[in-house]
Amino acid sequence: MKEILSKLPKQTWFEVCELYQWQGSWYFAPHLEAMFTAQLLFEARDDDIIIATLPKTGTTWLKSLIPYIVEGSKYEDDDDDPFLKDSPQFVVKTLEINVFRGNQNPDLSMQDCLLSLARNPKDVFVSSWHFMNKVMRPMESPYPIEKAFESFCNGVQIFGPYFDHVLKYWNESLKVREKILFLKYEEMKRNPKGEVEKLASFIGRPFANNVEIENVLQKSSFERLKNLDVNKTGFVRHGGPPNSSFFRLGTIGDWKNYFTPDMQERLDHIATLKLEGSGLDL
Ligand code: A3P
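The notes below deal with the structure included here. (Residues numbered from 1 in each chain as written. Predicted model: local features only at pLDDT ≥ 70, side-chain atom pairs only at ≥ 80, totals over all residues.)

**Quick look at the overall build of the chain**
The number of helices and strands found in the chain is 14 helices and 6 strands. The C-alpha atoms of the chain give a radius of gyration of 19 Å, which matches the 19 Å a tight globule of 282 residues would have. When its C-alpha atoms are laid out on the principal axes, the chain stretches across 50 × 40 × 40 Å. Within the chain, the fraction of its 282 residues that count as buried is 33%. (Helix = DSSP H or I, 4+ residues; strand = E, 2+ residues; numbered from the N terminus. Rg over C-alpha atoms; globule rule 2.2 N^0.38 Å. Buried ≥ 20, exposed ≤ 12 C-beta atoms within 10 Å, placed from the backbone.)

Dropping the structure here:
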């Protein structure tokens with residue numbers, strides 16, 4: 001692994017971490033190693049549901065929604081509800097982060113369709129800046145937002161570049177509509193009932209009635225999850241970040257509190273160039 005890493009393009013990110021570029025995307029070294037293992041050993045089953053999202057687009061929300069849709073009736077009793085004991089990051093683990101990391105033979109029992117989620121890139125950037133400051137520099141002053149923004153605009157971001165990632169899934173979702181569902185965070189916030197019904201039908205678990213929909217929405221709601229003891233005080237198991245770091249505001253448009261007009265113009269320009277002709281609007 002050391003030899004492979006020594007040959008890859010490398011960038012320092014948020015002053016404290018190194019990212020390595022592999023086939024156009026940026027990774028932490030342990031995630032890259034786990035990704036190689038996953039590519040070699042992971043075999044999808046017909047009933048797998050794979051969440052393919054970039055950090056800060058709302059992954060935690062999908063990681064909560066899907067188990068409540070699929071297993072909801074089993075979690076009625078608090079003693080059986082895994083979200084009362086663990087962060088959504090651990091209830092639904094990430095292949096490159098905590099399934100195949102240092103483990104060639106993981107238990108995949110919790111895990112032939114794919115879900116992708118996009119979010120306004122300005123909110124993704126602001127969410128990511130807060131997360132990285134909290135997790136990687138908890139004792140230091142925040143990393144200058146201008147520097148973080150420069151990296152984001154250059155596509156340097158864990159598992160990024162953002163636009164390349166969402167565009168790939170967007171294009172594929174248009175080709176294989178029955179296999180890939182492309183969701184948007186903003187649409188889920190604006191019309192949670194409609195989007196969650198769409199999600200449930202897509203994964204083959206349509207709701208029987210309104211009560212079921214309301215129940216899933218309430219259980220996986222930002223307000224409930226953020227205020228669970230486990231998410232206020234715990235840490236993602238095996239040395240992960242604080243569970244609270246995955247629940248910040250859960251809103252649309254917080255970028256307006258941080259972006260200067262120049263930043264807005266620059267990112268809008270990049271978005272226009274990247275997404276032109278794709279039909280994708282973010
Ligand atoms: P903010 O930092 O803007 O609040 P990810 O899970 O992909 O890392 O994304 C984290 C973002 O999703 C954070 O955004 C977080 O607050 C928000 N989030 C987490 N759980 C959510 C939920 N149940 N509903 C809506 N947003 C949620």
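**Details of the site of the ligand**
The ligand sits among 22 residues. The nearest are T59, T60, S127, R248 and G250. When residues of the shell around the ligand are traced back to their parent elements, those giving at least two are α3 (59–71), α6 (121–136) and α12 (222–226). Among the elements that take part in the shell around the ligand, α3 stands out by supplying 4 residues, more than any other. The class makeup of the residues in the shell around the ligand is 7 nonpolar, 11 polar and 4 charged. (Near = placed C-beta within 6 Å. Nonpolar A, V, L, I, M, F, W, Y, C, P; charged D, E, K, R; others polar.)

**Focus: the sheet that holds strand β6 (residues 180–184)**
Here 3 strands make up an open sheet; going across it, the order is β4-β5-β6 and the pairing parallel. Whereas interior strands pair on both sides, the edge strands pair on one side only; in this sheet they are β4 (49–53) and β6. Each strand axis lies, on average, 20° off the axis of its neighbour in the sheet, ignoring direction. Relative to strand β5 (residues 113–118), β4 runs parallel, the two being bridged by 5 bridges. Bridge assignment links T53 to a residue of β5, and that residue is L117. The strands touched by α3 within the sheet are β4 and β5, with β4 carrying the most contacts at an inclination of about 165°. (Pairing = 2+ DSSP bridges. Axes fitted to C-alpha atoms, helices over the stretch in contact; angles between N-to-C directions. Contact = placed C-beta atoms within 7 Å.)

**As for the environment of K2**
Assignment of secondary structure puts K2 in helix α1 (residues 2–7). Residue K2 is classed as exposed on the basis of its C-beta count, with 6 C-beta atoms lying within 10 Å. On a C-alpha basis, the gap between K2 and A29 in space is 9.3 Å, while along the polypeptide they are 27 residues apart.

**Remarks on helix α7 (residues 145–153)**
Every buried residue of α7 is accounted for by A148, F149, S151 and F152. Buried positions in α7, seen along its axis, are confined to an arc of 160° and lie on one side of it. For α7, the exposed residues set more than 90 degrees away from the buried face come down to E146 and E150. Check the buried side of α7 and you find it contacts β1 (10–13), α6 and α14 (261–275). At the C-terminal side of α7, G155 shows a positive phi close to 85°. (Arc of directions from axis to C-beta.)

**Topic: the sheet that holds strand β3 (residues 25–27)**
With antiparallel pairing, the 3 strands of this open sheet are ordered in space as β1-β2-β3. Each edge of the open sheet is held by one strand with a lone partner, namely β1 and β3. Direction aside, the axes of adjacent strands within the sheet are offset by 35° on average.

**Notes on the environment of K232**
In this structure, K232 sits in helix α13 (residues 229–233). The sequence separation of K232 and P242 amounts to 10 residues, and the corresponding C-alpha distance is 8.3 Å. Once residues lying within four places of it in the same chain are set aside, the contact partners of K232 are N227 and S244.

**Points about the pairing of β5**
Here 5 bridges tie β5 to β6, and the two strands are oriented parallel to one another. In the sheet register, L115 faces β6, and the bridge partner there is L181.

**What about the nonpolar core?**
Among the nonpolar cores identified, the biggest contains 45 residues, and L65, I69 and L199 are the most heavily contacted of them. Setting aside its immediate chain neighbours within four residues, L65 contacts V196, L199, V216 and S220. (Core = buried A, V, L, I, M, F, W, Y, C linked by C-beta atoms within 7 Å.)

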